[in-house]
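Listed here are the chains, written in short residue letters.
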There are 2 protein chains.
Amino acid sequence: MTISKVTVIGLGIMGMPMARNLLAAGFEVTGHNRSAGKIAQFEEDGGRGAQSLAEAVSGADAIITMLPDSPDVEAVADGADGIFARAKTGALWLDMSTIRPDVAVRLAEQAREAGLRPLDAPVSGGEQGAIDGALSIMAGGREEDFAAAAPVFEAVGKTIVHVGPAGAGQTVKAANQLIVAGNIQLLAEALVFLDAHGVDSRAALDVLGGGLAGSKVLDQKGQKMLDGDFAPGFRLELHHKDLGIVTAAARESGVALPLGASVAQLVTAAVQRGDGGLDHSALFALARELSGQTGNRAE
Amino acid sequence: MTISKVTVIGLGIMGMPMARNLLAAGFEVTGHNRSAGKIAQFEEDGGRGAQSLAEAVSGADAIITMLPDSPDVEAVADGADGIFARAKTGALWLDMSTIRPDVAVRLAEQAREAGLRPLDAPVSGGEQGAIDGALSIMAGGREEDFAAAAPVFEAVGKTIVHVGPAGAGQTVKAANQLIVAGNIQLLAEALVFLDAHGVDSRAALDVLGGGLAGSKVLDQKGQKMLDGDFAPGFRLELHHKDLGIVTAAARESGVALPLGASVAQLVTAAVQRGDGGLDHSALFALARELSGQTGNRAE
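Residues numbered from 1 in each chain as written. Chains lettered and ligands numbered in written order. Predicted model: local features only at pLDDT ≥ 70, side-chain atom pairs only at ≥ 80, totals over all residues. Heavy atoms only, no water.

## Brief notes about the overall build of chain A
For chain A, the helix and strand inventory stands at 14 helices and nine strands. Taken along its principal axes, the extent of the C-alpha atoms in chain A is 65 × 45 × 35 Å. Out of the 299 residues belonging to chain A, those deemed buried represent 58%. For chain A, the accessible area works out to roughly 10800 Å², and carbon and sulfur atoms hold 49% of it. Of the charged side chains in chain A, 24 are positive and 36 negative; the average position of the first set lies 1 Å away from that of the second. (Helix = DSSP H or I, 4+ residues; strand = E, 2+ residues; numbered from the N terminus. Buried < 20%, exposed > 50% of the residue type's maximum accessible area, 1.4 Å probe, protein only. Areas by Shrake-Rupley, 256 points an atom, 1.4 Å probe, with all protein chains shown as cover. Lys, Arg positive; Asp, Glu negative; His and termini not counted. Charge placed at Lys NZ, Arg CZ, Asp CG, Glu CD.)

Here is the structure:
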């Protein structure tokens, strides 16, 4: 089946630029969102807006969901006017949201019973990656469905990998969020440590980035921490949600995550501190507070 | 003062290839080591061997120390036949070992009283970096001494940064070791998590490396963990020593390191498990054991 009609449900920070890149790639793209304003905005970009979920999913060759959390995805998937009830037989359902792996497995089973071809395909790369069509996509599901979805993924992503059966994409995304949160916290602790010892942190970042301590987090977040620039980016409250997924999935499978569990606690504390709407690099603000380094470092 | 005579004290895994690179850069290099075998080996490479410490340091324009720990550096620095007693006035003393920042500060003061020009200049990049002359060098001390030492550093390093006054180099190295240990542990936890959920870890490493979870640690240690290849590289017992430095220095300066302290505990446990002689990526073995994933993964 050739894919020509693609529907995107969820025209948020990520979903909107993805829908635009699908348009640019030549697909006939329909967009749906809970708030009508986003639909109108997408229509201005040359897309087709659908006011109802039923209208959005019927007739589509591929349906992308890009929503905040597990319950949001469940609602559009198994509702009376939802994907399972209204999508045409054989349609691809690509859930690119970040949700619980066990929910992804269950929804994939239901989708298959409804005659659909489901893939869980969460992404990494953030808003900039979505705008640039350069997302990393970690997909779980059947090999033949992954192959069929390739043209759609290639319109929005760069590193596109099939990592296993249904749920595997969400499992890898969970591991991704574990590593990213931890790497951010470690960088924050290192910068607090350097500051307390009167070291030139900017020079230190240069030399740290050149050795084994180098990372994407250091490259992308180090200077922002020193500048006190915590505009999102990826909000701490979403990372908090994701670490809930990681720790619950680890507990269910009998996996001990000594550092993962600790950083999840620190992210909880940062959200409670009132930083949930800031970029996840704002873990630096909590780390500074814990060491008595109060005030805005940028000043 | 033009630097022509350079002495290297400590012809180990790091010191020996550094001494060879100094020879290759055209310096007149003298090597000294506690075990005579290493001295003979260096003489075969075309270097000059010194059987005694006093002989090694007298007459040198620059003296490099590359030794395991703080007491080793103190012994060659302030002994009766040591650097402070025997080196010529105005000589550069470049301590490239990883030692306690407070000890580095004290030794730098004593060196200056002895008429020497000290820099603490620990490195990152490991044995391969030493062989390739591509080390990252983080130097603490006076700006003019750093400038004078540049030709020596350029013979052994690539990223060479002056990060502050005496002790600052060791402080940045401590921060480096904190980040590296934590990034290794987080990668290990992520791989244990993926394995428990039946995900293809090799495919997962590809996609994780392409996103914000990407790091030098992931690139250099991920596949080795999956292969169960823990040949050093950098031994866990040395990283254990370094994390003792980090946690002590943090405590003295009133810095809380929630993740740093946790990973220090895990490295202690890994050393107690009997893995001290393995590469620091062997944190993966402990992480697997803590989650009941026993046996050799490589088989």
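## Points about the UniProt feature "active site" (unreviewed entry) in chain A
All names here are of chain A. The feature "active site" (unreviewed entry), as annotated in UniProt, sits at Lys173 in this numbering. The residue Lys173 is located in helix H9 (residues 168-196) in this model. Overall, the relative accessible area of 6% leaves Lys173 in the buried class. (UniProt positions renumbered as here; feature names shortened; annotations may be inferred.)

## Details of the domain arrangement of chain A
Many authors give the size of an interface as the accessible area that is lost as the parts come together. Residues and elements named next belong to chain A. Annotation of chain A at the domain level lists domain 1 (5-165) and domain 2 (172-290). Summarising the inter-unit geometry, the C-alpha centres of domain 1 and domain 2 are found 29 Å apart. Tallying the contact residues gives twelve residues for domain 1 and eight residues for domain 2. In terms of surface lost to domain 2, no three residues of domain 1 exceed Thr98, Pro101 and Met138, which account for 40% of the buried area on that side. Viewed at the interface, domain 2 and domain 1 are joined by zero salt bridges. Seen at the junction of domain 1 and domain 2, the total is four residue pairs in polar contact (both at pLDDT 80 or more). By residue class, the composition of the side of domain 1 that touches domain 2 is eight nonpolar, two polar and two charged. (Domains from an automatic or database assignment. Contact = heavy atoms within 4.5 Å. Buried area = accessible area lost by both parts, 1.4 Å probe. Salt bridge = Lys/Arg side-chain N within 4 Å of Asp/Glu carboxyl O. Polar contact = N/O pair within 3.5 Å; in protein donor to acceptor, adjacent residues only side chain to side chain. Nonpolar A, V, L, I, M, F, W, Y, C, P; charged D, E, K, R; others polar.)

## Points about the interface of chain B and chain A
Listed as interface residues are 64 residues of chain B and, on the opposing side, 64 residues of chain A. A buried area of about 5200 Å², summed over both sides, lies between chain B and chain A, and 74% of it is on carbon and sulfur atoms. Summed over the shared surface of chain B and chain A, the result is zero salt bridges. Between chain B and chain A we count 18 residue pairs in polar contact (both at pLDDT 80 or more) in total. Elements with a minimum of two residues in the side of chain B that touches chain A: strand S8 (135-141), strand S9 (157-164), helix H9 (168-196), helix H10 (201-210), helix H11 (216-227), helix H12 (236-252) and helix H13 (258-275) of chain B.

## Quick word on helix H13 (residues 258-275) of chain A
The end-to-end C-alpha distance of H13(A), which contains 18 residues, comes to 24 Å, matching closely the 26 Å that a straight helix rising 1.5 Å per residue would cover. All of the buried residues in H13(A) are A:Leu259, A:Gly260, A:Val263, A:Ala264, A:Leu266, A:Val267, A:Ala270 and A:Asp275. The buried residues of H13(A) occupy one face: seen down the axis, they fall within an arc of 165°. The exposed set on the far side of H13(A), more than 90 degrees from its buried face, consists of A:Gln265 and A:Gln272. The inward-facing, buried residues of H13(A) contact H9, helix H12 (236-252) and helix H14 (283-290) of chain A together with H9 and H13 of chain B. (Expected span 1.5 Å × (residues − 1). Arc of directions from axis to C-beta.)

## Quick word on the packing of H9(A) against H10(B)
Two elements in contact, H9(A) and H10(B), have axes whose closest approach is 10 Å; the angle formed by their N-to-C orientations is 50°. In this view, H9(A) runs oblique relative to H10(B), as classed from their interaxial angle. The handedness of the crossing between H9(A) and H10(B) comes out as right-handed. Of the residues in H10(B), those touching H9(A) at A:Val172, A:Ala175, A:Asn176 and A:Ile179 are B:Ala204, B:Val207 and B:Leu208. When the residues that make up the contact of H9(A) with H10(B) are grouped by side-chain class, the tally is six nonpolar, one polar and no charged. (Axes fitted to C-alpha atoms, helices over the stretch in contact; angles between N-to-C directions. Parallel < 35°, antiparallel > 145°, perpendicular 65-115°, else oblique. Left-handed = near helix turned anticlockwise from the far one by under 90°.)

## A short note on the confidence of the model for chain A
Predicted confidence across chain A gives a mean pLDDT of 95, with 98% of residues reaching 70 or more. For this predicted complex, the interface confidence score (ipTM) comes to 0.92, while the overall pTM stands at 0.92. (pLDDT = per-residue confidence, 0-100.)

## With respect to the relation of the copies chain B and chain A
Screw-axis analysis of chain B against chain A gives a translation of 0.0 Å along the axis, an RMSD of 0.0 Å, and a rotation angle of 180°. As the rotation angle and translation indicate, the two copies are arranged about a two-fold axis. For chain B, the smallest separation between a C-alpha atom and the rotation axis is recorded for B:Ser215, amounting to 1.9 Å. Of all interface residues in chain B, 100% are interface residues in chain A too; the two copies therefore contact each other through one and the same surface. (Least-squares fit on C-alpha atoms with pLDDT ≥ 70 in both.)

## Overview of the environment of B:Ala87
Residues and elements named next belong to chain B. Inspection of the secondary structure puts Ala87 in the loop between helix H5 (83-86) and strand S5 (92-95). Ala87 gets classed as buried once you look at its relative accessible area, which sits at 10%. Remark: the alpha-carbon pair of Ala87 and Ile9, spanning 78 residues in sequence, is separated by 13 Å. Beyond its immediate sequence surroundings of up to four residues, Ala87 is in contact with Val57, Ile63, Gly82 and Leu116.

## Some remarks on the pairing of strand S8 (residues 135-141) of chain A
Two faces, one strand: in a regular strand the side chains alternate between the faces of the sheet. Residue and element names in this part refer to chain A. Burial runs high along S8: seven of the seven residues are buried. By the alternation rule, side chains of S8 split into Leu135, Ile137, Ala139 and Gly141 and Ser136, Met138 and Gly140, which are all buried. Sheet topology note: the strand S6 (residues 117-120)/S8 ladder contains two bridges and is antiparallel. Residue pairing for S8: Asp120 is matched across the bridge by Gly140. Direction of pairing for strand S7 (residues 123-124) relative to S8: antiparallel, over a ladder of two bridges. From the neighbouring strand, Ser124 faces S8, where its bridge partner is Ser136. As paired strands, S8 and strand S9 (residues 157-164) are joined by six bridges and run parallel to one another. The partner of Ala139 across the bridge, within S9, is His162. (Pairing = 2+ DSSP bridges.)

## Details of the pattern of salt bridges
Applying the stated criterion across every chain, the model contains 30 salt bridges over all chains. A:Asp102 is the salt-bridge partner of A:Arg100, the closest N and O atoms lying 2.6 Å from each other. Taking relative accessible area as the criterion, A:Arg100 reaches 38% and is therefore assigned partly exposed. Residue classification places A:Asp102 among the partly exposed residues on the basis of a relative accessible area of 34%. One salt bridge in this structure joins B:Asp195 and B:Arg288, with 3.7 Å as the shortest N-O distance. Here B:Asp195, found in helix H9, pairs with B:Arg288, found in helix H14 (residues 283-290); they are 93 residues apart in sequence, far enough to count as distant. Under the relative-accessibility criterion, B:Arg288 is labelled buried at 8%. Among the charged side chains, a salt-bridge network with shared partners connects A:Arg112, A:Arg117 and A:Asp145.

## Brief notes about the pairing of strand S6 (residues 117-120) of chain B
Residue and element names in this part refer to chain B. In terms of strand pairing, S5 meets S6 through four bridges, oriented parallel. Counterpart to Trp93 in the pairing with S6 is Pro118. For the handedness criterion, the β-α-β arrangement of S5, helix H6 (residues 101-113) and S6 is classed as right-handed. (Right-handed = clockwise from strand over helix to strand, strands pointing away.)

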